[in-house]
Structure formats: structure tokens, C-alpha cells
Amino acid sequence: MPDHIYKKLEIVGSSPNGLEEAVKNALARAKKTVRNMRWFEVTETRGWIEEGEVRDWQVTLKVGFTLEE
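Residues numbered from 1 in each chain as written. Predicted model: local features only at pLDDT ≥ 70, side-chain atom pairs only at ≥ 80, totals over all residues. Heavy atoms only, no water.

S.K.: Please set out the environment of T43 residue by residue, giving values where relevant.
M.R.: Summarising the element assignment, T43 is placed in strand β2 (residues 37–50). When its relative accessible area of 35% is taken as the criterion, T43 is described as partly exposed. Measuring from C-alpha to C-alpha, the distance between T43 and V23 comes to 11 Å, with 20 residues separating the pair along the chain. Contacts of T43, omitting those with residues within four sequence positions, involve E10, T60, L61 and K62. (Helix = DSSP H or I, 4+ residues; strand = E, 2+ residues; numbered from the N terminus. Buried < 20%, exposed > 50% of the residue type's maximum accessible area, 1.4 Å probe, protein only. Contact = heavy atoms within 4.5 Å.)

Listed below in C-alpha cells is the structure:
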């Protein structure tokens, strides 16, 4: 079995509809330019407040992807 070597990058996703959609938005955008994504971890969560109401959710992700030969 080959060694699994990963590189990590950090991205931030957002959505007005919740944390899960913010994660999905971030990964969908990263997928356009990053190959071999294998895992992610949520390292921060934030919200944007406007007029006392939650208007947007943000998540910071670390995404691991395998390096190509």
C-alpha cells in the first residue's frame, strides 16, 4: 500500500442558509481548481449579523488533498 501524503489548504465558505451549505459552497468552488481532495475539517465558524438578525454563515475549512506523482 502506498504512503498517503497530503497537503492542506485553508478556504472560507459562506451561505445565508446555514453552516452545512457554507461547507458545501466552499468545497464546490475548491473542486474547480484543486484535484484529489480527500478530507476537510472545520476550524472556525462565524456569523454575520445585520439589524440584530443572522444574515450569513461563514466556515473556515482546512482541506487535505493528495499530491500527484
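S.K.: I'd like a description of the pattern of salt bridges, backed by residues and values.
M.R.: Across all of its chains, the model carries 4 salt bridges by this definition. Across the salt bridge formed by R35 and E68, the nearest N and O atoms sit 2.7 Å from each other. In this pair, R35 is assigned in the loop between α1 (19–31) and β2 and E68 in the segment after β3 (53–66), connecting sequence segments 33 residues apart. Judged by relative accessible area, R35 falls into the exposed class, the value being 54%. (Salt bridge = Lys/Arg side-chain N within 4 Å of Asp/Glu carboxyl O.)

Shape descriptors only; they carry no functional weight alone.
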